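# Fold and geometry: a report
What follows is each chain in one-letter form.
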Amino acid sequence: MKKLVLPLLAMSIMTGCAINSTDRKVDEICRNMSRSEKIAQLMGTYLNDFFREDGTLDTLKCQQQIPDGIGHFSQYASQLSWEPDQIRDRVAIMQDWLIHNTPSGIPALFHEEALSGVCTSYNTVYPQQIGQACSFNPELAQQKTAYTGHNLRMIGGTFCLSPMVDVVRDPSFNRVEESYGEDAFLGSRMGTAFIKGVQQDMSTKGVAGCAKHFLGYGGGGNSDTKELIEEILLPYEKMIHEGGLKAVMTGYHKVRGTDCVASAYLQKDILRNYLGFDGLMVSDYGSINQIDCCDNDLERGVLAINGGNDVDFPSGQSYRHLSEAIDRGLVSEERLDETVKRVLKFKAQVGLLDRKPVLYAEGHIEFDTPAERELAYQIASQSIVLLKNDGTLPLSNEQKVLLTGPNANSMWAMLGDYTFHSMRYFWQRKVENALHPRIETVLEAWRRSSATSTAPLLTYSLGCEWTDQVETIIQDGGDERAAYMRSIQGRMLTHEGETADLQSTLDMAKDCDVIVAAVGENVILCGENRDRTSLKLPGQQEAFVKALIATGKPVVLVVFGGRAQVISEIADQCAAVLQAWYPGEEGANAVVDILNGKVNPSGKLSVSYPNCEIHGPVCYNYALEKDPRVAWEFGYGLSYTKYEYSDLRVENADGLSTTSKSIDLSFDLCNSGDMAGDEIVQVYVSPADTEASAEASAEGRAQNLKPIALKAFSRVSLAPGESRRVRLSLTPHDFAYFVVAAEGASENASDSAGATSLGHWEIDPGEYILKVGASSQDIRLQERITLK
């Protein structure tokens, strides 16, 4: 395929006039557009609707439905099981038609989901974000999304609707798997890495990223202003100021009684005025249609665009009435132009308005390369968390192992929501095979490993299904397409061609040395709009594990799924417990290699892991002491080796002040075991007067700083017996807290200057405690410092 030239884009560009500024270029284009063309840029549609069954473009339909062009094509690569070349070719045909057959010849933005890699067939499937957060490895996260951005660009994409950076503290939230967990600092580091990777060489080889769901969709949206600014907003702040974030998507929820997509408080006061964001604001799919204080789409569209939203996803159902709204004086021409110019600037930033734009790759496109699979394996290996081990792991090659459980021989154990296979199954009831890309099950990976190495001898029995009755509840709200999925409430995944025979499994256990039970959730039991009433293992899985334990053989529990599940009752009786999350296409190999000792587990929890049903917020930074409802704390994770911490020093400790450039600390870390491994060292800050802070927290009073908060971390690789001096730095801002403005000023923020109307930051001079630990509870070293 050849690169396309834009012959009709704008007269000044076509005649070669020198326009050095993107803003001037955008102004010129906008000035020459009709109102209908402008409105078209604020809407989307679906690519498949314009192609006949034989793959040819229906130009008559194009002339009828998008005569003025179109802003976006929505989720264009996940609709059908196409090869990359086929997707690219359809994008090329459509872009060519838009360039040569619409008044201004403006190419469209093609957007797709990209949470765990590009959501399309053949592309690499990486671990779900909740698991990747447990790696505490922003560098690998950035490498992953650099591949993601490049791959999406090759098939004609220029915009990905990822990442999700909600700070999620409710273990029962059905979309917690898409998040980076409960800590705002960790989420900000991982989210910024995501954006830096996916937006690499954005105008030619990468794509623009989009953070969601603004603000507090996963929890915290209606918290007090102090917590909202300090924590829930933090990932967006870092991604905008350090990552160059180009787009933000609002959530389906309400904040302060107003739908987020129509909230001037969120979109103008906080995002535009306070954070200084100048990028694109987009609605979540159908969220404008769900504004419930209006009777019709026109009024909903008016509220959204006047509240600060720019683009109506997925198909412009409300914004198609904007011309009438302008005629009636409900929306100004100036507001329309402001919004259109943001879309055009966005298109310029991703290279669509260049004289010779790179719209897609030429030649044959190859996805899921060996390098990408290796990266998926590395991330999966670092994401898996060892929660318990009595010495049974790693397994030895002399042992006989029984592998059993519903997630032992299923690709669904590997795939989280917003992967291609999951999207196709939930939304379209299509079961894609596990070949494009290749997704091995734990059983397949183990058998292949046994054929090439001295792995333990293995037998297998299904033993138990995921569930014996329908547990899934389809929630109201969210993506409107889920309303058509009510039939899922009468469905459940099963293992075709296999029978779950408990007695046969128990008989097989008599001849084994160790039982490995792979349990947990699947795509039907967890994900957007999918919920369960309990956090316990689905169906009869807990009873199944208890029956295995009763055999007297050591049971190694491997838990898959999109959230922490309540397993304490059986975990106490198991020999070892691995939390594998949804580990992606190479997840089975990572699990097998950890079980057999080829890989040393190194993941640390990005959430507080409950020991009972919790259907509300829980977080390590609420108190110094571990919440009694938590089995394993944030930052926790075991290894096959041991690490010793010593000799904590703070540089220039006597000369630190609230205006110091940095607070530098160092300590020795030694691998005192006999296996190479990675330790994730964590630095927390506590106010010195922790008793007063804890008392304030317990009484519900505002406290300047949280009792404990993560401020730095590092992944350190050490050989057996190796020691290393670890050096980390903080800044005075890590000791700052937000002071909310007086009530009247905050409420009238949208009518004021904005930047300071919400409040301001302060740093108190005084004493603080720097804590270095292996988790939020396992503090190995600490030092009291004074900021003058």
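Refer to the structure presented above.
Residues numbered from 1 in each chain as written. Predicted model: local features only at pLDDT ≥ 70, side-chain atom pairs only at ≥ 80, totals over all residues. Heavy atoms only, no water.

### Looking at the overall build of the protein chain
Across its full length, the protein chain holds 23 helices and 28 strands. On C-alpha atoms alone, the protein chain measures out to a radius of gyration of 27 Å, which is about the 28 Å that the 2.2 N^0.38 rule sets for 788 residues. For the protein chain, the C-alpha atoms occupy an extent of roughly 75 × 70 × 45 Å along the three principal directions. Looking at the 788 residues of the protein chain, the share that counts as buried comes to 63%. In the protein chain, the proportion of contacts linking residues at least 24 apart, taken out of those at least 6 apart, comes to 79%. (Helix = DSSP H or I, 4+ residues; strand = E, 2+ residues; numbered from the N terminus. Rg over C-alpha atoms; globule rule 2.2 N^0.38 Å. Buried < 20%, exposed > 50% of the residue type's maximum accessible area, 1.4 Å probe, protein only. Contact = heavy atoms within 4.5 Å.)

### Some remarks on empty space enclosed by the protein
Applying the stated criterion to the full structure yields 5 cavities of 30 Å³ or more. Lining the largest cavity we find Val-168, Arg-169, Asp-170, Pro-171, Val-176, Glu-182, Arg-563, Ala-564, Val-607, Ser-608, Pro-610 and Val-618. One number sums up the size of the second largest cavity: a volume of about 50 Å³. As for the second largest cavity, its lining consists of Ser-116, Gly-117, Val-118, Cys-119, Thr-120, Asn-123, Thr-124, Val-125, Tyr-418, Thr-419 and Phe-420. Its residues assigned to classes, the lining of the second largest cavity comprises 5 nonpolar, 6 polar and no charged. (1 Å grid on protein atoms, 1.4 Å probe; cavity = no way out; pocket = protein on both sides within 12 Å on 5 of 7 lines; lining within 4 Å. Points joined across faces, edges and corners; volume = space filled by probe spheres on them. Nonpolar A, V, L, I, M, F, W, Y, C, P; charged D, E, K, R; others polar.)

### Details of the sheet that holds strand E21 (residues 663-671)
Spatial strand order, E20-E21-E24: 3 strands in an open sheet with antiparallel pairing. Edge positions in the open sheet fall to strand E20 (643-650) and strand E24 (723-730), since each of these has one partner strand only. Between one strand axis and the next, the sheet turns through 25° on average, direction left out of account. As defined by bridge partners, E20 adjoins E21 across 6 bridges and the pair is classed as antiparallel. Within the sheet, the bridge partner assigned to Glu-644 lies in E21 and is Cys-670. (Pairing = 2+ DSSP bridges. Axes fitted to C-alpha atoms, helices over the stretch in contact; angles between N-to-C directions.)

### Details of helix H21 (residues 587-595)
Judged by how many residues are buried, H21 sits mostly within the fold: 9 of 9 residues are covered. Listed as buried for H21 are Gly-587, Ala-588, Asn-589, Ala-590, Val-591, Val-592, Asp-593, Ile-594 and Leu-595. Phi turns positive one or two residues past the end of H21, at Gly-597, with a value near 85°.

### Focus on the sheet that holds strand E28 (residues 779-787)
Strands sit in the order E23-E22-E27-E28 across an open sheet of 4 strands; the sheet is antiparallel. The open sheet has two edge strands, strand E23 (709-718) and E28, and neither has a second partner. The mean angle between the axes of side-by-side strands here comes to 20°, regardless of whether they run parallel or antiparallel. By the bridge criterion, 6 bridges tie strand E22 (residues 677-687) to strand E27 (residues 766-773) in an arrangement that is antiparallel. Within E27, the position partnered with Tyr-684 by the bridge is Lys-771.

### Digging into the layout of surface pockets
In this structure, the largest pocket encloses a volume near 820 Å³. Taken together, 41 residues form the lining of the largest pocket, with Phe-185, Leu-234, Lys-238, Lys-711 and Asp-734 sitting closest to its centre. Secondary-structure elements contributing two or more residues to the lining of the largest pocket are helix H7 (138-154), helix H8 (184-198), helix H9 (225-232), helix H10 (234-243), E22, E23, E24 and strand E25 (736-740). At 7 residues, H8 tops the list of elements feeding residues into the lining of the largest pocket. A class-by-class count of the residues in the lining of the largest pocket yields 20 nonpolar, 8 polar and 13 charged.

### Concerning unusual backbone geometry
Most peptide bonds adopt trans geometry, and most residues besides glycine take a negative phi value. A cis amide bond links Phe-214 with the next residue in sequence, Leu-215, at an omega value of -5°. For Leu-215, the position within the fold is in the loop between strand E5 (210-214) and H9. Across the junction of Leu-393 and Pro-394, the peptide omega takes the value -5°, indicating a cis bond. Note that Pro-394 resides in the loop between strand E10 (385-389) and strand E11 (400-404). Of note, Asp-201 is a non-glycine position whose phi angle comes to about 50°, a positive value. Note on Asp-201: relative accessible area 44%, which makes it partly exposed. Even without being glycine, Tyr-418 reaches a positive phi, approximately 70°. Topologically, Tyr-418 is positioned in the loop between E11 and helix H16 (420-428).

### Observations regarding the nonpolar core
The biggest cluster of nonpolar side chains holds 171 residues, and the ones touching the most others in it are Phe-73, Met-94, Leu-557 and Ile-567. The greatest single-element share of this core, amounting to 8 residues, is contributed by H8. Discounting residues that sit within four places of it in the chain, Phe-73 has contacts with Thr-45, Tyr-46, Leu-47, Phe-50, Ile-66, Met-94, Leu-98, Ala-108, Leu-109, Phe-110 and His-111. Leu-395, Met-411, Phe-560 and Ala-576 belong to the second largest nonpolar core, which has 46 residues in total. (Core = buried A, V, L, I, M, F, W, Y, C linked by side-chain atoms within 4.5 Å.)

### With respect to helix H5 (residues 84-101)
An ideal rise of 1.5 Å per residue puts 26 Å on 18 residues; H5 measures up with 26 Å between its terminal C-alpha atoms. The set of residues buried in H5 consists of Pro-84, Asp-85, Ile-87, Arg-88, Arg-90, Val-91, Ala-92, Met-94, Gln-95, Trp-97, Leu-98 and Ile-99. Tucked into the core, H5 has its buried residues touching helix H4 (59-65), strand E2 (72-73), strand E3 (109-112) and H7. (Expected span 1.5 Å × (residues − 1).)

### Thoughts on the packing of H7 against helix H15 (residues 370-383)
Direction vectors running N to C along H7 and H15 enclose 145°, while the axes themselves pass 10 Å from each other. Remark: the crossing between H7 and H15 carries left-handed chirality. Judged by residue contacts, Leu-140, Gln-143, Lys-144, Tyr-147 and Asn-151 of H7 engage Ala-371, Glu-372, Leu-375, Gln-378, Ile-379 and Gln-382 from H15. Considering only residue class, the contact of H7 with H15 consists of 5 nonpolar, 4 polar and 2 charged. (Left-handed = near helix turned anticlockwise from the far one by under 90°.)

### Observations regarding the environment of Cys-160
Following the sequence through the fold, Cys-160 ends up in strand E4 (residues 159-160). When near neighbours in sequence (up to four residues on either side) are disregarded, Cys-160 contacts Glu-112, Ala-114, Leu-152, Phe-194, Val-198, Val-207, Ala-208, Gly-209 and Cys-210.

### Some points on the pattern of salt bridges
Throughout the structure, instances matching the rule amount to 48 salt bridges. Ionic pairing is found between Asp-27 and Lys-341, a salt bridge with its closest N-O pair at 3.2 Å. Here Asp-27 is found in helix H2 (residues 22-31), whereas its partner Lys-341 is found in helix H14 (residues 333-349), with 314 residues between them in sequence. For Lys-706, the salt bridge identified is with Glu-231, shortest N-O distance 3.4 Å. One end of the pair, Lys-706, is in the loop between helix H22 (690-698) and E23; the other, Glu-231, is in helix H9, and 475 residues separate them in sequence. The exposure class assigned to Glu-231 is buried, which follows from its relative accessible area of 8%. Taken together, the shared-partner salt bridges in this structure form one network comprising Arg-272, Asp-310, Arg-335, Glu-338 and Arg-342. (Salt bridge = Lys/Arg side-chain N within 4 Å of Asp/Glu carboxyl O.)

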